[in-house]
Protein chains: 2
Amino acid sequence: MTARQNQSHQSVQAELLRRIHSGEWTPGAFIPGEVELAAEFGCSRTTVNRALRQLADSGIVERKRKRGTRVVPMPIARATLEIPIIRKEVTDRGGHYTHSVIKREIRTAPASINARLQLPAQELLHLQTLHLSDSRPFMFEDRWVNVSAAPGVEDASFESISPNEWLVQEVPYSDGDISFSACAADDSVAELLEIRAGSPLFLVERTTRLYQTPITTLKMYYPEGFRMSSSL
Amino acid sequence: MTARQNQSHQSVQAELLRRIHSGEWTPGAFIPGEVELAAEFGCSRTTVNRALRQLADSGIVERKRKRGTRVVPMPIARATLEIPIIRKEVTDRGGHYTHSVIKREIRTAPASINARLQLPAQELLHLQTLHLSDSRPFMFEDRWVNVSAAPGVEDASFESISPNEWLVQEVPYSDGDISFSACAADDSVAELLEIRAGSPLFLVERTTRLYQTPITTLKMYYPEGFRMSSSL
DNA sequence: TTGACTTTTATGTGTATACATAACAGCATA
DNA sequence: TATGCTGTTATGTATACACATAAAAGTCAA
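Bear in mind the structure is a predicted one, so any value in this text is a computation, not a measurement.

Caption draft 1: Structural view of the pairing of strand E8 (residues 175–184) of chain B. Most of E8 of chain B sits inside the fold, with seven of its 10 residues counted as buried. Note that strand E11 (residues 227–231) of chain A and E8 of chain B share five bridges and pair antiparallel. Bridged to Arg227 of chain A within E8 of chain B is Ser181 of chain B. One ladder, built from 10 bridges, connects E8 of chain B with strand E9 (residues 200–210) of chain B; its direction is antiparallel. Residue Ser181 of chain B lies in a different strand from E9 of chain B, and its bridge partner there is Leu203 of chain B.

Quick look at the structure:
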């Protein structure tokens, strides 16, 4: 109970983490209140509060008013994936990035796409883009764009800048969802990616919105060998 | 420039976000300093600071001392994946969870495993577990455990509790890394998962450590159809 | 022009204080 | 017994203030 001075929220957080990792505070156990910890560490409650808040943000502890703070009973690992624009993904891996738009048409979208965008049946811009690293296929992108939510997209030239990057720069989004899975390459995708039909693909599906308004939904097909990494 | 009173950091953050999304502040542009914003919003600098800090944490803005705060020039989407223990993954999807340990032996690990664990060649515990949902294969897990870092693992019975869950409960970890990719099922995995050899699999590779000490590394093979979802 | 200083500035962080609010416990009343 | 009204308590948040610190900009002498 040695009261130290000038504890930073970082050192407090580190000590709290140590106690959790050492098993001193086990999953499910309630930990002392902010006031008590502040007294023990010889710092203000504000500092302890910030440390605990950050631990709660990262899912290590749970906090509830009046109840107190406890170590999360059944730990759920969280991995934060950073998903840059494709060009950056390629150049970060040391490749030379190019792209080519395979298909660009305005047509009535299939029901599955309207469902993904939560839109009534209507005309959407359908774009298919092949992204290349050092002239070799890197990823195939199949995208549908809600034209009315992306003004200018019909007139945009996607020669020097890919649809991916154009949208990121021109049409900000506020939220969306993303999912990852594996699938087999069908004939057309296999041909574009220059792999055998049936080969495993890493599939990323993504839909973005700007305050309720659906903007775009897309599937990105990465050939075998592609990895998405993160730390825990 | 109407100075409002009692702005919460949340409302300040919402307004800052609105300006970014509306294009009022474009990617790469510097935004006013904390003092100026505090004056505009009629709140203290502390409140603006917190709002900006949270935006920085979520990757919306970049902050540097003296330089100021600016909207991230090339936005990087971040997806936070929550990775629960397998049993929860199965029950959350409405399945009845069971598991069966296929292999359990102590042997000298292959070089690739030692490399993943950053350990010199030594004896490790090799565990293979099949996880089932409603008696049908859900995921196959191939795991190596650093016995000296997981006391008691040699004596643990993995009948009622899977190695996955045993380790999570008994051996806390402080950090690790995880990667996601797609691969084709080889003969033995295909047989266990009751799918055709060559079928696409969703592969999660994970290594955990406790303060530098490697604990375990594993590969988890999910058959086609499995999805990992998150919001942006 | 260069390099070693000082100043300025915006963010980073800690403290003391105050009040808000959710949730629980206990008591009182119908 | 059910219901409503207290407190009480722990976290949540806003404020004013102070000082730390990184980095840019300016100053000045060799």
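Caption draft 2: Local environment of the side chain of Ser179 of chain A. Looking at the element boundaries, Ser179 of chain A is found in strand E8 (residues 175–184). Reaching out from Ser179 of chain A, the side chain makes a polar contact with the side chain of Arg227 of chain B at a distance of 3.1 Å.

Caption draft 3: Main features of the interface of chain B and chain A. Contacts between chain B and chain A engage 51 residues on the former and 51 residues on the latter. Counting the surface lost from both chain B and chain A, the interface buries some 4,400 Å², and carbon and sulfur atoms represent 59% of this. Taken as a group, His21, Met74 and Leu232 of chain B account for 15% of the area that chain B buries against chain A, more than any other trio of residues on that side. For the interface between chain B and chain A, the tally reads four salt bridges. Run the count over chain B and chain A and you get 20 residue pairs in polar contact (both at pLDDT 80 or more). Elements with a contribution of two residues or more to the side of chain B that touches chain A: helix H1 (9–22), helix H3 (45–57), strand E4 (77–83), helix H4 (86–92), E8, E9 and strand E11 (227–231) of chain B. Among the elements that line the side of chain B that touches chain A, the one with the most residues is E8 of chain B, at 10 residues. Across the side of chain B that touches chain A, the residue classes break down as 26 nonpolar, 12 polar and 13 charged. In this structure, strand E4 (residues 77–83) of chain A lies alongside E4 of chain B, joined through seven bridges in antiparallel fashion. Counterpart to Leu81 of chain A in the pairing with E4 of chain B is Ala79 of chain B.

Caption draft 4: Fine view of the pattern of salt bridges. Residue and element names in this part refer to chain B. All told, the structure shown has 33 salt bridges over all chains when counted by the stated rule. The partner of Arg19 in a salt bridge is Glu15, and the shortest N-O contact between them spans 2.7 Å. Residue Arg19 and its partner Glu15 are located together in helix H1, separated by four residues, close to a single helical turn. According to the relative accessible area criterion, Arg19 is buried, its value standing at 8%. Residue classification places Glu15 among the buried positions, given a relative accessible area of 19%. Between Glu165 and Arg87 there is a salt bridge, and its shortest N-O distance comes to 2.5 Å. Here Glu165, found in helix H6 (residues 163–170), pairs with Arg87, found in helix H4; they are 78 residues apart in sequence, far enough to count as distant.

Caption draft 5: Main features of the protein's contact with DNA strand C. Every one of the 21 residues lining DNA strand C counts as a neighbour, but Ser8, His9 and Thr47 of chain A together with Arg45 and Arg63 of chain B are closest to it. In DNA strand C, atoms within 4 Å of the protein come from the sugar-phosphate backbone in 72% of cases. Side-chain polar atom of His9 of chain A to a phosphate oxygen of DNA strand C: 2.5 Å apart, as the coordinates give it. Arg45 of chain B is positioned such that a nitrogen or oxygen atom in its side chain is 2.7 Å from a base oxygen of DNA strand C. Of all the secondary structure elements, the ones that give two or more residues to the surface near DNA strand C are helix H1 (9–22) and helix H3 (45–57) of chain A together with H3, strand E2 (61–64) and strand E3 (68–71) of chain B. No other element matches the four residues that H3 of chain A contributes to the surface near DNA strand C. Looking at side-chain class alone, the surface near DNA strand C contains one nonpolar, 10 polar and 10 charged residues.

Caption draft 6: Up close: the packing of helix H2 (residues 34–41) of chain B against H3 of chain B. Residue and element names in this part refer to chain B. The interhelical angle for the contact between H2 and H3, taken along N-to-C directions, is 110°, at an axis separation of 8 Å. When the axes of H2 and H3 are compared, the pair comes out roughly perpendicular. Judged by the sense of rotation from one axis to the other, the crossing of H2 with H3 is right-handed. Contact residues: Glu34, Val35, Leu37 and Ala38 in H2; Arg45, Val48, Asn49 and Leu52 in H3. By residue class, the composition of the contact of H2 with H3 is five nonpolar, one polar and two charged.

Caption draft 7: The arrangement of the domain arrangement of chain A in detail. Looking at chain A, the domain boundaries give domain 1 (9–71) and domain 2 (86–223). The straight-line distance from the C-alpha centre of domain 1 of chain A to that of domain 2 of chain A is 43 Å.

Caption draft 8: Representation of the sheet that holds E2 of chain B within the structure. Residues and elements named next belong to chain B. Ordered by their spatial adjacency, three strands build an open sheet running E1-E3-E2, and the pairing between neighbours is antiparallel. Taken across any chain shown, the strands that pair with only one partner, and hence form the sheet edges, are strand E1 (30–31) and E2. Pairing of E1 with E3 involves two bridges; the strand directions are antiparallel. From the neighbouring strand, Ile31 faces E3, where its bridge partner is Thr69.

Caption draft 9: Structural view of the protein's contact with DNA strand D. As a matter of local geometry, DNA strand D sits amid 21 residues, with Arg45 and Arg63 of chain A together with Ser8, His9 and Thr47 of chain B nearest to it. Within 4 Å of the protein, atoms of DNA strand D come from sugar and phosphate in 70% of cases. In this structure, a phosphate oxygen belonging to DNA strand D sits 2.9 Å away from a side-chain N or O atom of Ser44 of chain B. Between a base oxygen of DNA strand D and a side-chain N or O atom of Arg65 of chain B, the distance comes to 3.4 Å. If you list the elements that add at least two residues to the surface near DNA strand D, you get H3, strand E2 (61–64) and strand E3 (68–71) of chain A together with H1 and H3 of chain B. Ranked by the residues each element gives to the surface near DNA strand D, the list is headed by H3 of chain B, at four residues. Residues belonging to the surface near DNA strand D are distributed by class as follows: one nonpolar, 10 polar and 10 charged.

Reading the values: rules and limits
Residues numbered from 1 in each chain as written. Chains lettered and ligands numbered in written order. Predicted model: local features only at pLDDT ≥ 70, side-chain atom pairs only at ≥ 80, totals over all residues. Heavy atoms only, no water. Buried < 20%, exposed > 50% of the residue type's maximum accessible area, 1.4 Å probe, protein only. Helix = DSSP H or I, 4+ residues; strand = E, 2+ residues; numbered from the N terminus. Pairing = 2+ DSSP bridges. Polar contact = N/O pair within 3.5 Å; in protein donor to acceptor, adjacent residues only side chain to side chain. Contact = heavy atoms within 4.5 Å. Buried area = accessible area lost by both parts, 1.4 Å probe. Salt bridge = Lys/Arg side-chain N within 4 Å of Asp/Glu carboxyl O. Nonpolar A, V, L, I, M, F, W, Y, C, P; charged D, E, K, R; others polar. Near = heavy atom within 4 Å. Axes fitted to C-alpha atoms, helices over the stretch in contact; angles between N-to-C directions. Parallel < 35°, antiparallel > 145°, perpendicular 65-115°, else oblique. Left-handed = near helix turned anticlockwise from the far one by under 90°. Domains from an automatic or database assignment.

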